[in-house]
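Structural description and commentary
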Amino acid sequence: DSLLFVLDEGGNLVIAPMWEGRVGDSEENKHGDLEPGNSPFDRPVEGVNPQGKEKRLYGEYRGRARLGGEFNILENGEWQVTQKSGYALQRVPLSLKDPNSKNAGVLPDRVMEKLQPAARVPMMQRFVCYLRSLGINVELSSMQTCNFAGDCESDTDYGKCCNGFEPTACQKENPKATQLNLRVWTDKCILTGEKLSLQLSKVNNLLT
């Protein structure tokens with residue numbers, strides 16, 4: 001089982017199943033569905049929401065957020081946390097927004113060359129500790145760094161977390177805590193804009 005998560009601009013943790021609906025008639029959720037935006041750089045637009053107080057719910061674009069990823073349930077009962085999301089791996093800086101553009105949803109030229117670095121190990125460690133500060137009873141049991149080919153390396157330095165957070169959120173050895181396996185996809189997995197253009201050109205040549 002897999003869940004998507006997004007940490008929005010206000011620090012709210014938004015979670016949804018990756019697939020919703022009946023068997024044979026299901027629909028896949030994307031991270032942008034959890035944080036729609038009026039443009040790639042903006043919050044959702046306001047609308048009527050009879051089910052709650054939050055009014056900013058709508059947008060035709062993937063809006064802005066702090067972080068995104070997945071929660072996956074492993075066979076041993078542990079939860080695996082990854083930052084597998086465009087909000088973490090291919091982050092567009094808000095500074096690229098053109099205030100003079102007539103279409104706020106249009107990204108600038110050569111945007112792949114202007115992406116921010118991927119969310120690295122320290123950021124994901126802090127995210128786990130942030131879960132604990134929200135009162136979610138979890139404990140970091142292991143950590144791996146991986147590439148998209150599936151090659152992973154164990155990292156025993158996972159105990160260093162919670163810097164800047166309350167010490168009570170860092171307490172360990174809670175027998176009732178849900179164990180978390182942190183899997184962090186590394187920067188070397190991500191193609192630069194130049195390499196991506198080259199790969200796309202090769203594919204285009206094969207198709208023509």
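Bear in mind that the values here come from a model prediction, so they are computed numbers and not experimental data.

Our focus in this paragraph is the packing of aromatic side chains. Across all of its chains, the model carries four aromatic pairs by this definition. Ring plane angle 10° and centroid distance 4.6 Å describe the contact between F5 and F127, whose orientation is recorded as stacked. Highlighted residues: F5 in strand β1 (residues 2-7) and F127 in helix α3 (residues 121-133), separated in sequence by 122 residues. The exposure class assigned to F5 is buried, which follows from its relative accessible area of 0%. According to the relative accessible area criterion, F127 is buried, its value standing at 3%. Members of the aromatic cluster, connected to one another through ring pairs, are F5, F71, W79 and F127.

With mixed pairing, the seven strands of this open sheet are ordered in space as β2-β1-β9-β10-β13-β11-β12. Each of the sheet's edge strands pairs with one partner strand only, and the pair in question is β2 (13-17) and β12 (152-154). Taken pair by pair, the neighbouring strands of this sheet meet at an average axis angle of 30°, ignoring direction. The pairing of strand β11 (residues 138-146) with strand β13 (residues 178-185) spans eight bridges and is parallel. Each residue of the ladder has a partner; that of L140, found in β13, is L180.

Attention shifts here to the pattern of salt bridges. In total, this model carries two salt bridges according to the counting rule given. In this structure, R64 and E9 form a salt bridge, with 2.9 Å as the shortest nitrogen-oxygen distance. With R64 in the loop between β8 (61-62) and β9 (67-73) and E9 in the loop between β1 and β2, the pair connects residues that are 55 residues apart, well separated along the chain. Under the relative-accessibility criterion, R64 is labelled partly exposed at 24%. Judged by its relative accessible area of 35%, E9 falls in the partly exposed class. K30 is paired through a salt bridge with E28; the nearest N and O atoms lie 3.5 Å apart. Owing to a relative accessible area of 33%, E28 belongs among the partly exposed residues under this scheme.

Right, let's get into a negative patch on the surface. Side chains of E20, D25, E27 and D33 sit close together on the surface and give a patch of like negative charge. Tracing the sequence through the fold places D25 in strand β4 (residues 25-28).

Time to look at a nonpolar patch on the surface. A cluster of nonpolar side chains, namely V203, L206 and L207, defines an oily patch on the protein surface of about 370 Å² accessible area. Topologically, L206 is positioned in helix α4 (residues 193-207). Assessed through its relative accessible area of 74%, L206 is described here as exposed.

This part covers the state of the cysteines. One covalent bond between the sulfur atoms of two cysteine residues makes up a disulfide. Summed over all chains, the structure comprises one disulfide. The side chain of C146 participates in a disulfide bridge whose partner is C152; the two sulfur atoms lie 2.3 Å from each other. Judged by the sign of its S-S torsion, about 110°, the cystine formed by C146 and C152 is right-handed. What makes C152 partly exposed here is its relative accessible area of 29%.

Another aspect to go through is the pairing of β1. Taken together, the six bridges between β1 and β9 define a ladder with antiparallel strand orientation. Each residue of the ladder has a partner; that of V6, found in β9, is G68. As paired strands, β1 and β2 are joined by five bridges and run antiparallel to one another. The residue bridging L4 from the neighbouring strand is A16, located in β2. A loop of five residues connects β1 with β2, the two strands running antiparallel in sequence, and G11 in this loop sits at a positive phi of about 85°.

With that settled, consider the environment of D151. Secondary-structure assignment places D151 in the loop between β11 and β12. Aside from chain neighbours lying at most four places away, what touches D151 is T145 and C146.

What counts, and at which threshold
- In every chain, residue numbers begin from 1 and rise along the written sequence.
- Only residues with pLDDT of at least 70 are given local features in this predicted model, and only at 80 or more are side-chain atom pairs given and counted; all residues enter the totals for whole chains, interfaces and linings.
- Water and hydrogen atoms were dropped before computing side-chain values, which therefore reflect all heavy atoms in the structure.
- Any two rings among Phe, Tyr and Trp, with Trp reduced to its six-membered ring, count as a pair given centres within 6.5 Å; such a pair is stacked if its planes are under 30 degrees apart, edge-to-face if over 60, and tilted if neither.
- Secondary structure elements are defined from DSSP: runs of H or I of at least 4 residues count as helices, runs of E of at least 2 residues count as strands, and each element is numbered from the N terminus.
- Buried, partly exposed and exposed residues are distinguished by accessible area as a fraction of the type maximum, computed with a 1.4 Å probe on protein chains only: under 20%, between the cut-offs, and over 50%, respectively.
- When DSSP finds at least two bridges between two strands, those strands are taken to pair.
- Lines fitted to the C-alpha atoms define the axes, with helices restricted to the stretch that makes contact. Angles between their N-to-C directions range from 0 to 180 degrees.
- Should a side-chain nitrogen of Lys or Arg be within 4 Å of a carboxyl oxygen of Asp or Glu, the pair is scored as a salt bridge.
- Note that patches include only residues with greater than 30% relative accessible area and no salt bridge, and the join distances are 9 Å for like charges and 5 Å for nonpolar side chains (Val, Leu, Ile, Met, Phe, Trp, Tyr).
- Using the Shrake-Rupley algorithm and a 1.4 Å probe, accessible areas are obtained, with residue cover drawn only from the displayed protein chains.
- The convention is simple: Lys and Arg are positive, Asp and Glu are negative, and His and the chain ends are not counted.
- Each charge is placed at NZ for Lys, CZ for Arg, CG for Asp and CD for Glu.
- Only a pair of cysteine sulfur atoms within 2.5 Å counts as a disulfide in this structure description.
- In this description, contact between two residues means that some pair of their heavy atoms is separated by no more than 4.5 Å.

On their own, these measurements won't tell you what the molecule is for.
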